[in-house]
Amino acid sequence: MEKFTTHTGVGVPLRRSNVDTDQIIPAVYLKRITRTGFEDALFAAWRGDPEFILNKPEYTHGSVLVAGPDFGTGSSREHAVWALKDYGFKVVLASRYADIFRGNSGKQGLVTGVVSQENIELLWKLLETEPGKEITVSLEDRTVTCGELTVPFEIDDYVRWRLMEGLDDIGLTLRDEEAITAFEATRESWRPKTLPAKTLPKEEIVAARPVD
Amino acid sequence: MGTTLAEKLWANHLVKKGEGGAPDLIYIDLHMCHEVTSPQAFEGLRIAGRKVRRPDLTIATEDHNTPTLDIDLPIADETSRKQVDKLRENTNEFGVRIHSLGDADQGIVHVVGPQLGLTMPGMTVVCGDSHTSTHGAFGSLAFGIGTSEVEHVLATQTLPLKPFKTMAINVDGELPKGATAKDIILAIIAKIGTGGGAGYVLEYRGDAIRNLSMEGRMTICNMSIEAGARAGMIAPDETTFEYVKGRPHAPEGADWDAAVEFWKTLKTDDDAVFDTEVNLNAADLEPFITWGTNPGQGLPLSANVPSPEDFAEESDREAAKNALEYMGLTPGTPFRDITIDTVFLGSCTNGRIEDLRAAAAILQGRKKADNIRLLVVPGSARVRLQAEREGLDKIFLDFGGEWRNAGCSMCLGMNPDQLKPQERSASTSNRNFEGRQGKGGRTHLVSPLVAAATAVRGTLSSPDDLDDAPSALA
């Protein structure tokens, strides 16, 4: 994972609350089996509207998304993070996030900063008054700067450290492999195993047919 | 001071305590996979040269993409077929058990786990699917994860996690006739909001919860994520043990006795303190529906479409305005006057046998309204078989409904079961997001009873609106 310390890019004011992951990337785009190439799928339902913020030329190349509360609710699809990243977003700022989305972002190097709704409103005004204005996000200082305005953001200490170091979670966990093996030795025998597979007797499933 | 159920489960699965701000390392007892959120995880393993650490704690099924018609033919949609094929390749290569389309144990992952007896009390259960919270109904810590975490669990059988906060949701009193588990959870979400549970594990408590069957409890825990919660859980009791006993993977003999002895300790201590408590009186509940585009935008069926002006917060007013426009609704319209096009009975929320029985009891001897398309999609192939043994399929077909094969289907419209633009559904599923059931589609979330009554009358209805009281509710 790439190390993240500071980023400067065009801020995009997305004045919507409860932007769920179905809006970030509709389910039809989840059929792909690759990890990249989701940029066309980002906000797909809204991209057809010429008035949608990312369709305005000043914001098209945005990389810092400033969104309303409860961003990323709903489905656990990590594709939502991939779509934001593939489009070019490096940072999302909002006052509240859904837990799974925020966790997924941390794993993928997308910074999600918690900024008070009051400060989000200030950022929205600045970005709307001067479309295309840049924002600087410093992970080191945990600050967002837009022109004269500098406001703080919150991010988990450990996530911040991992993002700044560009560390991979699995690699970190495997350092504790001995502890995992030791734990496994203490697991009770009643705990279920999927193998060997047990099922009720197999039965034939009749295929339903279309009705006229 | 005592501890909560969630805290006990956490301590019971702690591999290593995090130090200096690092997360705890938590062991995972059961990892379920499906075709949509796993391909990139298996690819990650392959690239890193890693194996699946515990194939014997891992299981896969095909559900999100699979068609519910012509399942014996190749999947018509090429990208869906590729994704399903990829899961088969991956599970084969890494030695993971899979129940494929056409197999008697195929179905929605959250229906399959409990039905096989793989879900039981005292476990940690994860899946790359937010509705994994369903399994909390057994007194387990069960939660949805992203694809990076799927890869992490495949490689290490653990997850680095920060402890969740705890919230008690006390539902006391007796649930009135016609109100169901679905109405309880829709009312809870409307009360605490879609972000109300963020960072929390919810523990549902109280008489109204204790009196629910396991399937009703699963409906409640299933939608914890719709309140933003990481997980939902219910302490196990005799109802739970009874449900698990005798299932294919249930412990036997001395293992069963040891398990039950441990399971009986799985409850929040009397002197434990939750970070937050919410109280609800079940006696005040009635059939509940959603009117908007997030699951928190819900009201009793007896109410009218709200106006944006009814909301105190500016962001709620804005959200209501957007939602009403998308949903094509006018403030002040009685919900019962809203005409529905499609009724969807199914999903991991309400696609179990009791849901189908409850709906069939209302539909029996009746005919669907002319404007209605009724889609009945059992949650698993076993649920379908059971329903057929009970003759429920005949009731749905005689009524004028469609009887399909198992899968996620119209809950999220990844397969051909989708709404058309502006088409309006009454759906027993879990999400009413814009475009969730098909681009431009309009979703009202409802219970199976409301779904059935709506299919009879053609407008949003409860069983009480029907001419003669249905026998099942007498």
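Since we're looking at a predicted model, the values are computed, not measured.

### Comments concerning the overall build of chain A
Check the secondary structure of chain A and you find 8 helices and 7 strands. Relative to the 2.2 N^0.38 estimate, which gives 17 Å for 212 residues, the radius of gyration of chain A is 21 Å and therefore markedly larger than a compact globule would have. With the C-alpha coordinates of chain A rotated into their principal frame, the extents come out at 70 × 60 × 30 Å. Taking all 212 residues of chain A together, the buried fraction comes to 42%. Intrachain contacts of chain A at a sequence separation of at least 6 include 74% that bridge at least 24 residues.

### Topic: the pairing of strand E9 (residues 165-172) of chain B
Residue and element names in this part refer to chain B. Where E9 and strand E10 (residues 200-205) come together, 6 bridges link them in parallel fashion. Residue pairing for E10: Met167 is matched across the bridge by Leu202. Read from E9 through helix H6 (residues 181-192) to E10, the crossover connection turns out right-handed. Where E9 meets strand E12 (residues 276-281), 6 bridges bridge the pair, whose relative direction is parallel. Of the residues in E12, the one forming a bridge with Val171 is Leu280.

### Some details on the packing of helix H2 (residues 39-48) of chain B against helix H5 (residues 147-156) of chain B
Residue and element names in this part refer to chain B. At a closest axis distance of 8 Å, the pairing of H2 and H5 adopts a crossing angle of 50°. When the axis of H2 is compared with that of H5, the two are oblique. Between H2 and H5 lies a crossing whose hand is right-handed. Listed contacts from H5 to Gln40, Ala41, Gly44 and Leu45 of H2 are Thr147, Val150, Glu151, Leu154 and Ala155.

### Some details on the domain arrangement of chain B
Residues and elements named next belong to chain B. The domain boundaries assigned to chain B delineate domain 1 (5-276) and domain 2 (290-473). The C-alpha-based centres of domain 1 and domain 2 are spaced at 25 Å. Facing 37 residues of domain 1, the contacting portion of domain 2 comprises 38 residues. For the side of domain 1 that touches domain 2, the elements supplying multiple residues, two or more each, are helix H4 (109-116), H6 and helix H8 (214-222). Here the element with the most residues in the side of domain 1 that touches domain 2 is H6; it accounts for 5 residues.

### What about the interface of chain B and chain A?
Tallying the contact residues gives 85 residues for chain B and 61 residues for chain A. Each residue belonging to the side of chain B that touches chain A can be placed in one class, and the counts come to 32 nonpolar, 31 polar and 22 charged.

### What to know about the pairing of strand E4 (residues 111-114) of chain A
Along any regular strand the residues' side chains alternate between the sheet's two faces. Two strands pair when backbone bridges link them, and strand E3 (residues 91-94) of chain A and E4(A) are joined in this way by 4 bridges, in the parallel orientation. Its bridge partner lying in E4(A), Leu93(A) is registered against Gly113(A).

### Digging into the nonpolar core
Judged by nonpolar contacts, the single largest core of 199 residues is most densely connected at Val66(A), Val92(A), Leu93(A) and Ile184(B). When residues in this core are grouped by element, the largest group, 8 residues, is from H6(B). For this core, the two domains that each supply at least three residues are domain 1 (5-276) and domain 2 (290-473) of chain B. Residues within four places of Ile184(B) in sequence aside, it is in contact with Val171(B), Ala208(B), Ile220(B), Ala282(B) and Leu285(B).

### Digging into the sheet that holds strand E19 (residues 442-445) of chain B
Residue and element names in this part refer to chain B. Taken together, 5 strands build an open sheet; the order of strands is E17-E16-E15-E18-E19 and the sheet is parallel. Two strands close off the open sheet at either side, each with one partner strand: strand E17 (402-403) and E19. As defined by bridge partners, strand E15 (residues 342-346) adjoins strand E16 (residues 373-377) across 5 bridges and the pair is classed as parallel. Bridged to Thr342 within E16 is Arg373.

### A closer look at the packing of helix H13 (residues 353-363) of chain B against helix H15 (residues 392-399) of chain B
Residue and element names in this part refer to chain B. Look at H13 against H15: their axes get within 9 Å of each other, and the N-to-C directions meet at 45°. In terms of orientation, H13 lies oblique with respect to H15. Judged by the sense of rotation from one axis to the other, the crossing of H13 with H15 is left-handed. Across the interface between the two elements, Leu356, Arg357, Ala360 and Leu363 from H13 touch Leu392, Ile395, Phe396 and Phe399 from H15. Per-class residue counts for the contact of H13 with H15 are 7 nonpolar, no polar and 1 charged.

### Description of unusual backbone geometry
Glycine aside, a negative phi is what most residues show, and trans is what most peptide bonds show. For the bond from Leu195(A) to Pro196(A), the omega torsion is -5°, close enough to zero to count as cis. Relative to the helices and strands, Pro196(A) resides in the segment after helix H8 (177-185). At Asn18(A), a position not held by glycine, the phi torsion is positive, near 55°. In the Ramachandran plot, Asp70(B) falls in the positive-phi region, its phi being about 50° despite a non-glycine side chain. Relative to the helices and strands, Asp70(B) is located in the loop between strand E4 (58-61) and helix H3 (78-94).

### Here we look at helix H6 (residues 157-165) of chain A
All names here are of chain A. For H6, every residue scored as buried is listed here: Val159, Arg162 and Leu163. Looking down the long axis of H6, one finds its buried residues gathered within 100° of arc, a one-sided arrangement. Set apart from the buried face of H6 by more than 90 degrees, the exposed residues are Asp157 and Glu165. Elements in contact with the buried residues of H6: helix H4 (99-108) and E4. Following H6 by one or two positions, Gly166 adopts a phi angle in the positive range, close to 65°.

### Considerations on the sheet that holds strand E2 (residues 24-27) of chain B
All names here are of chain B. If you walk across this open sheet you meet the 3 strands as E1-E2-E8, and the pairing is antiparallel. Unpaired on one side and paired on the other, strand E1 (14-16) and strand E8 (158-161) mark the two borders of the sheet. Going across the sheet, the axis of each strand differs from the next one's by a mean of 40°, ignoring polarity. When E1 meets E2, the two strands line up antiparallel, connected through 2 bridges.

Conventions used here
Residues numbered from 1 in each chain as written. Chains lettered and ligands numbered in written order. Predicted model: local features only at pLDDT ≥ 70, side-chain atom pairs only at ≥ 80, totals over all residues. Helix = DSSP H or I, 4+ residues; strand = E, 2+ residues; numbered from the N terminus. Rg over C-alpha atoms; globule rule 2.2 N^0.38 Å. Buried ≥ 20, exposed ≤ 12 C-beta atoms within 10 Å, placed from the backbone. Contact = placed C-beta atoms within 7 Å. Pairing = 2+ DSSP bridges. Right-handed = clockwise from strand over helix to strand, strands pointing away. Axes fitted to C-alpha atoms, helices over the stretch in contact; angles between N-to-C directions. Parallel < 35°, antiparallel > 145°, perpendicular 65-115°, else oblique. Left-handed = near helix turned anticlockwise from the far one by under 90°. Domains from an automatic or database assignment. Nonpolar A, V, L, I, M, F, W, Y, C, P; charged D, E, K, R; others polar. Core = buried A, V, L, I, M, F, W, Y, C linked by C-beta atoms within 7 Å. Arc of directions from axis to C-beta.

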